[in-house]
Amino acid sequence: DSGVTQTPKHLITATGQRVTLRCSPRSGDLSVYWYQQSLDQGLQFLIQYYNGEERAKGNILERFSAQQFPDLHSELNLSSLELGDSALYFCASSVSGNTIYFGEGSWLTVV
Amino acid sequence: AQSVTQLDSHVSVSEGTPVLLRCNYSSSYSPSLFWYVQHPNKGLQLLLKYTSAATLVKGINGFEAEFKKSETSFHLTKPSAHMSDAAEYFCVVTYTNYGGSQGNLIFGKGTKLSVKP
């Protein structure tokens, strides 16, 4: 158990809908990262937050957004969902300059 | 640009034989290097990490990796493969930014390890 908690573990939704994925980082970790893993694209970095502030942005679509709250948990919002958004979404956390730990992921299926 | 290259997309070994998974990274001032393993339908588990201490790093489950700056490599090895080692392995690099904060992770494309009985 990495200490990073993601909910929900599985989610099935229809095209055009909006979903929110939630992540609770390890206790004391200030950085939260979101990654998308799909069969065709592999592991893609989406976005990083550090202590509530956006720190780095990767290949995140405009339909996607994220935030980190004062209690350090983070949410990834995916809207106007398309079939191609079906993927495993990982959250990870770290203390700056230290090891990054991953959650078990949230499986999103768009039908 | 910062990058990491896993030289083999698929490696197949027999149980009890050595494992070598190769990884090269683009040179940088302060790289931190990791190997993660992902078993089917599971999350990413940290195997080991290098963060500028000893160049030979020992990880979990008998794996180790050696940081070779002159070759910009961080290959993962295990003396004797076990059936339970069959999984996908990711080499990952991150860099310390100029301000001292950690940059985002850069993943290799992964190497699928198959272990034959």
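Residues numbered from 1 in each chain as written. Chains lettered and ligands numbered in written order. Predicted model: local features only at pLDDT ≥ 70, side-chain atom pairs only at ≥ 80, totals over all residues. Heavy atoms only, no water.

Student: With reference to specific residues and values, describe the overall build of chain A.
Tutor: Each helix and strand counted, chain A has 0 helices and 11 strands in total. For chain A, the C-alpha radius of gyration of 13 Å lies close to 13 Å, the compact-globule estimate for 111 residues. Overall, the C-alpha framework of chain A stretches about 40 × 30 × 25 Å when taken along its three principal axes. Counting over 111 residues, chain A shows a buried share of 50%. Taking contacts inside chain A between residues at least 6 apart in sequence as the whole, the part at least 24 apart equals 52%. Surface accessibility of chain A: about 5300 Å² in total, with carbon and sulfur atoms responsible for 47%. Put simply, chain A has 7 plus and 11 minus side-chain charges, and the middle of one group is 3 Å from the middle of the other. (Helix = DSSP H or I, 4+ residues; strand = E, 2+ residues; numbered from the N terminus. Rg over C-alpha atoms; globule rule 2.2 N^0.38 Å. Buried < 20%, exposed > 50% of the residue type's maximum accessible area, 1.4 Å probe, protein only. Contact = heavy atoms within 4.5 Å. Areas by Shrake-Rupley, 256 points an atom, 1.4 Å probe, with all protein chains shown as cover. Lys, Arg positive; Asp, Glu negative; His and termini not counted. Charge placed at Lys NZ, Arg CZ, Asp CG, Glu CD.)

Student: Can you break down the confidence of the model for chain B residue by residue, with the values?
Tutor: A low pLDDT score tells you not to read the predicted coordinates there in detail. Of all residues in chain B, 89% have pLDDT values of 70 or greater, and the mean over the chain is 89. No element of chain B has a lower mean pLDDT than strand β11 (residues 106-107) of chain B, which averages 85, and none a higher one than strand β3 (residues 19-21) of chain B, which averages 98. (pLDDT = per-residue confidence, 0-100.)

Student: So, the side chain of A:Asp29: which residues are in play, and what are the values?
Tutor: Residues and elements named next belong to chain A. Within the element layout of this structure, aspartate 29 appears in the loop between β3 (19-24) and β4 (31-38). In terms of polar contacts, aspartate 29 uses its side chain to reach the side chain of serine 93, at 2.8 Å. At 3.4 Å, the side chain of aspartate 29 and the backbone nitrogen of serine 94 are in polar contact. Once you skip the residues sitting within four places of it in the chain, aspartate 29 turns out to touch Leu72, Ser93, Ser94 and Val95. (Polar contact = N/O pair within 3.5 Å; in protein donor to acceptor, adjacent residues only side chain to side chain.)

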